[in-house]
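# Close look at the chain arrangement
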Amino acid sequence: MSPNSKRIRIRIISGLAVLLSLFLLTRLYFVQIVDGDDYRDEAMQQYTQSSNQIFNRGSIYLTAKDGTRRVAALQESGFTLAVNAQFIDNPEAVYQSLAEVIALEKEDFLQAVADRDDPYVVLQRRLDPETAAGITTLNIKGVGVYPEKWRRYPHGLSAAHVLGYVGYSSEGDERVGIYGIERIFDDVLSRSGGLYVNFFAQVFAGIGDVLSSDPASREGDIILTLEPDVQSYLEKLIADVGESWGTEQVMGIVIDPNTGAIKAMAATPSYDPNDYGSVTDPAVFTNPLVQSRFEMGSIIKALTVAAGLDAGVVTLDTTYNDTGSVRMNGATIYNYDGKARGVVSMQEVLNQSLNTGAAFVSKQLGHDAMREYFYGYGLDEKTGIQLPGEVENSVANLEVERDLEFATAAFGQGIALTPIATVRALSVLANGGKLIQPYIVQSIDYRVGGSTDMTPDVGRQVLKRETSEEISRMLAKVTDDALESGRRARDRHSIALKTGTAQIAAPGGGYHDDIFNHTYFGYFPAYEPEFLIFLMARHPQGVRYASQTLTDPFFKMTDFLINYYNIPPDR
């Protein structure tokens, strides 16, 4: 064999040895680092079947304003104390021994071990390692401690409608995500790696599937856009509204109207996902901001006026003669107070929230143009928010070719929208006219390394930028001049807002005259907004208008955000 041939053969063998070493190192990384916890679980519990029965789950994080993360859902480990009653010959003595290590009710213990046929009676769960070790050292026949894991939500009720919880599947033999992020990202959060007892089989198994798998289906942690302090403040505000006005439900959203990132999302009543079993009404688990739709009332007038301005069928100086009512298709539309204002401008339509003015703009637009704008705001589609169970908006009235349906839709009646779809549409007014994609998952950090940025692209242009600026000026004047005669205006920050009071449809047709939903939205600074706030109170007692129930919480939330984020003044 020639020297050259020997050198080539040595290089080939050396290359193969390097490749084999890299392969083994990669497999060891997966076995020891990625799947190490699962193997430890399997060893401790002496499993011989697939480890998909071991409860193991990724974490969910909130993102603080400085970019740091705060855990919102995590897996914790501990031990279960259980006894095999068949081996307990002297219950009194066993109890005395255990009582030296752990607090046990004697009566409960004696009752638990009374059934001699039961081989596994749980006495206590979630014991810490020190206590478990203390029990183990007693070496009592029939008494054992067994590793267990559970899901914990450190902030209790906070963000429960977003997070959801982990419970048992319908078959009852596997823990899965139920509601919220836990459900929709169950495939990412679940860590059922299908491990095998034979270590070497795992080491030499192929890694192609792991390395080439679709990132959306790989295991990892979920990082949310929710800011924990903003979330906490919003939850306190809506709880106070509910208590003050005896509401059926209160809800709110804080969103960046430029990107669609949701900073806070909350609704009352809520629940503690650590104790979901104590909930008596399953309806409390659903997220009404995504899974319910409502007639939104006069906040929709801002969308109508913006459409009229953008289409050029009205301007800031356009006027009409307000007689207090208007007759259409055999029905009469009234202003909220039934009063006439005479000749008024488009600004007064917003300042005084005139139903006749919204009907006037809808007439100028015509059916096709108004439908096109409202669909352009995304009202004919789901938002695609990364939460389960989003329902469609009810906008069928925009397909009925009668002036009446378009007039009522123009002031927020006759069409029913989800709050998240409403926030998406209203953000168009604030951000220069673009349709955003609301999102609540910022990224996925994968267990094997790497991450996926979940920030969506900004969508289509719905309004001209000049229209967005014009409607923002008009809504800022609502704050500066109309709302409580300008007493709520801020000296250093412009605030664009609109209130809404929606009547509630009666089962037999028509509307109740004494039950209302209150809505409120605003963004600031008005011309370069950083946040948009949406609030809604359902069926407040003893009060008619949203300006009475939601003005205080709106401005408290606004002032909090301005100070918390140190938003520069624009005045």
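Check the entry above for the structure.
This is a predicted model, so every value here is computed, not measured.

## Considerations on the packing of aromatic side chains
In total, this model carries 19 aromatic pairs according to the counting rule given. For the ring pair Tyr165 and Tyr276, a centre distance of 4.0 Å and an interplane angle of 15 degrees mean the geometry is stacked. With a gap of 111 residues between them, Tyr165 in strand β5 (residues 165-168) and Tyr276 in the loop between β9 (262-268) and α12 (288-291) connect regions that are remote in the sequence. These aromatic residues form a ring-pair network of at least three members: Tyr233, Phe524, Phe531, Phe560, Tyr564 and Tyr565. Residue placement shows Lys65 over the ring face of Tyr564; its charged tip is 4.1 Å from the ring centre.

## A closer look at the packing of helix α13 (residues 301-311) against helix α18 (residues 419-430)
Running from N to C, α13 and α18 point in directions that differ by 45 degrees, and their axes come no closer than 10 Å. By the angle class used here, α13 and α18 are oblique. Considering the relative orientation of α13 and α18, their crossing is left-handed. Packed against α13, whose contacting residues are Ala302, Leu303 and Ala306, the element α18 presents Ala425, Leu426 and Leu429 at the interface. Among the residues forming the contact of α13 with α18, the class breakdown is six nonpolar, no polar and no charged.

## Notes on the side chain of Thr383
In this fold, Thr383 is placed in the loop between α16 (367-376) and α17 (403-410). A polar contact of 3.1 Å, which involves the side chain of Thr383, links it to the backbone nitrogen of Ile385. Excluding residues that lie within four positions of it along the chain, Thr383 makes contacts with Glu390, Ile420, Ala421, Arg424, Gln437 and Pro438.

## Points about the nonpolar core
Residues Tyr377 and Leu429 are the most contacted members of the largest nonpolar core, which totals 124 residues. In this structure Tyr377 touches Leu303, Ala306, Ala307, Ala425, Val428, Leu429, Leu435, Val462 and Leu463, once residues within four positions along its chain are discounted.

## A closer look at the sheet that holds strand β8 (residues 249-255)
Pairing is antiparallel in the open sheet, where five strands are placed in the order β9-β8-β18-β17-β16. Both outer strands of the open sheet, β9 and β16 (496-505), are each paired with one neighbouring strand and no more. Adjacent strand axes in the sheet meet at a mean angle of 10 degrees, parallel and antiparallel pairs treated alike. Across eight bridges, strand β17 (residues 511-524) lies against strand β18 (residues 531-538) in antiparallel orientation. Directly across from Tyr520, in β18, lies its bridge partner Leu535. Lying on the sheet, helix α11 (residues 228-245) is in contact with β8, β9 and β18; it crosses β9 at an angle near 30 degrees.

Cut-offs applied
Residues numbered from 1 in each chain as written. Predicted model: local features only at pLDDT ≥ 70, side-chain atom pairs only at ≥ 80, totals over all residues. Heavy atoms only, no water. Phe/Tyr/Trp six-rings, centres within 6.5 Å; stacked < 30°, edge-to-face > 60°. Helix = DSSP H or I, 4+ residues; strand = E, 2+ residues; numbered from the N terminus. Lys NZ or Arg CZ within 6 Å of the ring centre and 35° of its normal. Axes fitted to C-alpha atoms, helices over the stretch in contact; angles between N-to-C directions. Parallel < 35°, antiparallel > 145°, perpendicular 65-115°, else oblique. Left-handed = near helix turned anticlockwise from the far one by under 90°. Contact = heavy atoms within 4.5 Å. Nonpolar A, V, L, I, M, F, W, Y, C, P; charged D, E, K, R; others polar. Polar contact = N/O pair within 3.5 Å; in protein donor to acceptor, adjacent residues only side chain to side chain. Core = buried A, V, L, I, M, F, W, Y, C linked by side-chain atoms within 4.5 Å. Buried < 20%, exposed > 50% of the residue type's maximum accessible area, 1.4 Å probe, protein only. Pairing = 2+ DSSP bridges.

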